Amino acid sequence: GAEPVIYPIESLSPYQNKWTIKARVTVKSDVRHWSNQRGDGKLFSVNLLDETGEIKATGFNEAVDNLYDVFEVGKVYYVSKARVNIAKKQFSNLSNEYEIAFERDTIVELCEDQDAAPQVKYNFVELASLGDCPKDSTVDVLGIVKDNGDLSEITAKATNKQIKKRELTIVDRSGYSVRVTLWGRSAETWKDTDNGVFAFKGAKVGDFGGRTLSMGGQSTIAEDPDVEAAHALRGWFDTEGHSSEFTSYNSSMATSGAATFKKDEFKTLDEVINSGIGMTSEKPEYFATRATITFIKADNLSYPACPTEKCNKKMTMEDESQWRCEKCNKTYEKPEYRYIVSIAVNDFTNQVWLSGFNEMGLQLLKRTANEMQQLKDENEEEFQSVINKALGTMYNFSVKAKADSFNDQVKVRYQLQKAAPVNWVEDAKVLAEQIQAMSV
Ligand SMILES: [Zn+2]
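Summarised in this report is the structure supplied together with it.

The next thing to look at is the overall build of the chain. The helix and strand inventory of the chain stands at eight helices and 26 strands. Principal-axis analysis of the C-alpha atoms places the extent of the chain at approximately 90 × 70 × 40 Å. Here the chain, with 440 residues, has 46% of them falling under the buried criterion. At a minimum sequence separation of 6, the contacts of the chain that also span at least 24 residues come to 62%. Of the roughly 24,400 Å² that the chain leaves accessible, carbon and sulfur atoms contribute 48%. Each charge sign in the chain was given a centre, from 54 positive and 66 negative side chains, and these centres are 5 Å apart.

See the structure below:
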């Protein structure tokens, strides 16, 4: 038949009841049942997307029977004859002022032209940047699933109900790994993947063990989404990412904020220099400091390392496509570049130089050493701009101080152990406590 007049989603309002929208289903919830003093019931919801915006639509009871099986995530539908209400924002992560309620005579028809509505839009956050995202915010992340986790069951404290749970571990090219928890049906129906690329939309940020992600009713998972970032991630992982080491948010490594550093370990840079830490002892000593990167040495940023696992020795070039590792006594076509970063950091008291190995370079520059070497060879300007981008960033650094003697001179070297992005909320609390303590 003739195509009806289509209204854009952004034009829907409670004051206009004759409309048809053409929209793609981006999220479809499970059917949820409730029971209270007023009775029993069930409901489900979908999110609908067109060029102008996104809106949530909910169906209760009879609408569940009529429409739940009609909707398929990713497909485009005509929807008409439904009510537009003020949105209940506490149940939604959409910004729309309104939402749709399906009614008894709501009509939903599959659209013949499946390209007629935009695909899901992602606003990906790198895993290394999760420390900057506040707890309970929602983010989109793109990652390689490195571990599928086991299906487990927990009892929810609030409801005393059993809930299925699965914890995936994902990584991305920022060099970080993070745990993503799936719940209920999506935990149960998850099909184990061997390093598959997945987009997690609307994941909720938790701060347990640094940073974790949790998938809720409004979150979606898409395997191999047809977006450029996903193709780039696949390419990177297959060529070099598979052999990378990743910094975990779970371990004490790089958990974010002051909470994971002991308060009394923190030193200003002046205290670091004047305390002679690392000087007096045979064994290395450790400290934490909050400082801002002011300089990164662009020369000798990395070295050509042996690609053999756990060797990492420096190789020498014999000719264009011949690199030799003395230790392995082997030649390779190309080296695996590894970082040896040297950075100057400042706080309000002083400046010190810190050095770090590959993981630190990955974390601070958010590129692999191979990528940086390639940029240096082919696009000096871009190379410098990646370095400049890392300047001015504040971190909580954990540092190993150890004395080195060189020509009878004893000098302390400061070796970076971890760099956690400053968690402004947590650190402000610590600062507030310190101010409180001063004013006794
Ligand atoms: Zn080697």
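On to the pattern of salt bridges, then. All chains considered together, the criterion is met by 17 salt bridges. Note that Glu167 is salt-bridged to Lys165, the shortest N-O span being 3.5 Å. Residue Arg166 is joined to Asp192 by a salt bridge in which the shortest nitrogen-to-oxygen separation is 3.8 Å. Of this pair, Arg166 sits in strand β11 (residues 162-171) while Asp192 sits in the loop between α2 (184-189) and β13 (197-206); the two residues are 26 residues apart in sequence, bridging distant segments of the chain. Judged by its relative accessible area of 8%, Arg166 falls in the buried class. Several salt bridges converge on common partners, so that one network encompasses Lys135, Asp136 and Lys204.

A few words on helix α6 (residues 369-378). Those residues of α6 not exposed but buried are Ala369, Asn370, Glu371, Met372, Gln373 and Leu375. Among the structural elements, β18 (302-305), β22 (336-339), α5 (358-365) and α7 (380-390) are those in contact with the buried residues of α6.

Our next topic: the packing of aromatic side chains. The full count for this structure, using the stated rule, is 13 aromatic pairs. Taking the centre distance of 5.5 Å and the plane angle of 20 degrees together, the rings of Phe71 and Phe102 count as stacked. Here the residue Phe71 occupies a position in the loop between α1 (62-67) and β5 (76-80), and Phe102 occupies one in the loop between β7 (98-101) and β8 (107-110), the gap between them amounting to 31 residues. Phe102 matches Phe71 in its accessibility class, with the two residues each being buried. Ring geometry for Phe295 against Trp353: centres 6.0 Å apart, planes inclined by 75 degrees, an arrangement best described as edge-to-face. Here Phe295, found in strand β17 (residues 285-296), pairs with Trp353, found in strand β24 (residues 351-356); they are 58 residues apart in sequence, far enough to count as distant.

Looking now at the packing of α6 against α7. Between two packed helices, both the angle of their axes relative to each other and the distance between the axes serve to describe the pair. The interhelical angle for the contact between α6 and α7, taken along N-to-C directions, is 135 degrees, at an axis separation of 6 Å. As summarised for this structure, α6 and α7 are arranged oblique, according to the angle between their axes. For the pair α6 and α7, contact is made by Met372, Leu375, Lys376 and Glu378 and by Glu380, Glu382, Phe383, Val386 and Ile387, respectively. Within the contact of α6 with α7, the residues separate by chemical class into five nonpolar, no polar and four charged.

Here is what the cut-offs are and how they apply
- Residues numbered from 1 in each chain as written.
- Predicted model: local features only at pLDDT ≥ 70, side-chain atom pairs only at ≥ 80, totals over all residues.
- Heavy atoms only, no water.
- Helix = DSSP H or I, 4+ residues; strand = E, 2+ residues; numbered from the N terminus.
- Buried < 20%, exposed > 50% of the residue type's maximum accessible area, 1.4 Å probe, protein only.
- Contact = heavy atoms within 4.5 Å.
- Areas by Shrake-Rupley, 256 points an atom, 1.4 Å probe, with all protein chains shown as cover.
- Lys, Arg positive; Asp, Glu negative; His and termini not counted.
- Charge placed at Lys NZ, Arg CZ, Asp CG, Glu CD.
- Salt bridge = Lys/Arg side-chain N within 4 Å of Asp/Glu carboxyl O.
- Phe/Tyr/Trp six-rings, centres within 6.5 Å; stacked < 30°, edge-to-face > 60°.
- Axes fitted to C-alpha atoms, helices over the stretch in contact; angles between N-to-C directions.
- Parallel < 35°, antiparallel > 145°, perpendicular 65-115°, else oblique.
- Nonpolar A, V, L, I, M, F, W, Y, C, P; charged D, E, K, R; others polar.

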